[in-house]
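These are the residues of each chain, in order.
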Amino acid sequence: MLRERFLSAVMLLMGILLVVGSTASTFATSIFPFDKYLGINASVAGVAFGTGIAIASFDPDANLSWIRIGIIYAGLLVAYELAFGYFVGTAYNWGPIVLGVAFAVALGFLHPKGTELMPTARVMAAGETSWRH
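Described below are features of the structure shown in this document. (Residues numbered from 1 in each chain as written. Predicted model: local features only at pLDDT ≥ 70, side-chain atom pairs only at ≥ 80, totals over all residues. Heavy atoms only, no water.)

**Topic: a negative patch on the surface**
Note the following rule: Like charges are joined within 9 Å and nonpolar side chains (Val, Leu, Ile, Met, Phe, Trp, Tyr) within 5 Å, but only among residues with over 30% relative accessible area and no salt bridge; these make up the patches. Each accessible area is a Shrake-Rupley result for a 1.4 Å probe, and residues are judged covered by the shown protein chains and nothing else. When a carboxyl oxygen of Asp or Glu is within 4 Å of a side-chain nitrogen of Lys or Arg, the pair counts as a salt bridge. Counted as positive: Lys and Arg. Counted as negative: Asp and Glu. His and the chain ends are not counted at all. Note that the charge is assigned to NZ on lysines, CZ on arginines, CG on aspartates and CD on glutamates. Think of it this way: any DSSP run of H or I at least four residues long counts as a helix, any run of E at least two long counts as a strand, and we number them from the N terminus. For each residue, the accessible area found with a 1.4 Å probe, counting protein chains only, is set against the maximum for its type, and the residue is called buried under 20%, exposed over 50%, and partly exposed in between.
A cluster of acidic side chains, namely Glu4, Asp59, Asp61 and Glu116, defines a negative patch on the protein surface. Secondary-structure assignment places glutamate 116 in the segment after helix 6 (94-110). Owing to a relative accessible area of 38%, glutamate 116 belongs among the partly exposed residues under this scheme.

**Comments concerning the packing of helix 1 (residues 2-24) against helix 6**
This is how the line gets drawn: Helix axes use the C-alpha atoms of the stretch in contact, all axes being lines fitted to C-alpha atoms, and the angles between their N-to-C directions lie in the range 0 to 180 degrees. In this scheme the crossing of two helices becomes right-handed for a clockwise turn of the near helix relative to the far one and left-handed for an anticlockwise turn of less than a right angle. Between two residues, a contact is recorded if the distance between any of their heavy atoms is within 4.5 Å. Each residue is assigned to one class: nonpolar for Ala, Val, Leu, Ile, Met, Phe, Trp, Tyr, Cys and Pro, charged for Asp, Glu, Lys and Arg, and polar for all the others, Gly among them.
Where helix 1 contacts helix 6, the axes come no closer than 9 Å and their chain directions differ by 150°. Note on packing geometry: the crossing formed by helix 1 with helix 6 is left-handed. Along its contact with helix 1, which presents Arg3, Phe6, Leu7, Val10, Met11, Leu13, Met14 and Leu17, the element helix 6 presents Leu99, Phe103, Ala106, Leu107, Phe109 and Leu110. Taken together, the residues of the contact of helix 1 with helix 6 break down into 13 nonpolar, no polar and one charged.

**A few points about the nonpolar core**
Rules: Residues belong to one nonpolar core when they are buried, are Ala, Val, Leu, Ile, Met, Phe, Trp, Tyr or Cys, and are joined through side-chain atoms within 4.5 Å.
Leu7, Val10, Met11, Met14, Ile53, Ile67 and Leu107 are the most contacted members of the largest nonpolar core, which has 16 residues in total. Elements with a contribution of two residues or more to this core: helix 1, helix 4 (42-56), helix 5 (64-88) and helix 6. Not counting residues within four places of it along the chain, the set of residues in contact with methionine 14 comprises Ile53, Gly70, Tyr73, Phe103 and Leu107.

**Quick look at the pattern of salt bridges**
Within this structure, the stated rule accounts for one salt bridge. Lysine 36 is paired through a salt bridge with aspartate 35; the nearest N and O atoms lie 3.8 Å apart.

**Some remarks on the packing of aromatic side chains**
Quick note on the threshold: Each Phe, Tyr or Trp ring (for Trp, its six-membered ring) is paired with any other whose centre lies within 6.5 Å, and the angle between the two planes then decides the class: stacked below 30 degrees, edge-to-face above 60, tilted in between. Only when the NZ atom of a Lys or the CZ atom of an Arg is both within 6 Å of the ring centre and within 35 degrees of the ring normal do we say a charge sits over the ring.
This model, assessed by the stated rule, comprises seven aromatic pairs. Every member of this aromatic cluster is reached through a ring pair, and the members are Phe32, Phe34 and Tyr37. A cation sits over an aromatic face here: arginine 3 above phenylalanine 109, 4.9 Å from the ring centre.

**Here's the deal with the side chain of aspartate 35**
If you trace the backbone, aspartate 35 turns up in helix 3 (residues 34-37). Filtering out sequence-adjacent residues up to four positions away, aspartate 35 remains in contact with Thr29, Ile40, Asn41, Ala42 and Ser43.

The following block contains the structure:
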């Protein structure tokens, strides 16, 4: 029970930070609107993603995909920060690196059925659905 509450708190915090960070980046993307040239808005996408994780935090067991996506995002964030710092030659931005590692570890460790985080290659029987009953 306590583990599930911590998982919910971690997911909610991650979602809130994504929403706030994406909202704050709106100013930068309005000056350099490279994302809009491709027909998207990265700030809106970040807010939608953060909102999804925050909403999923109210029932993590029913939202396993959001936990998986959160772990993938945290891993990609760390990889991006390290690769960008190495190849561009800028100083590492340690905030996202530390938070990315912390969120990935926390999401993986706190999920009560950690083995379910890795999707199976099982084929469903005829008429079987993947929805939780």
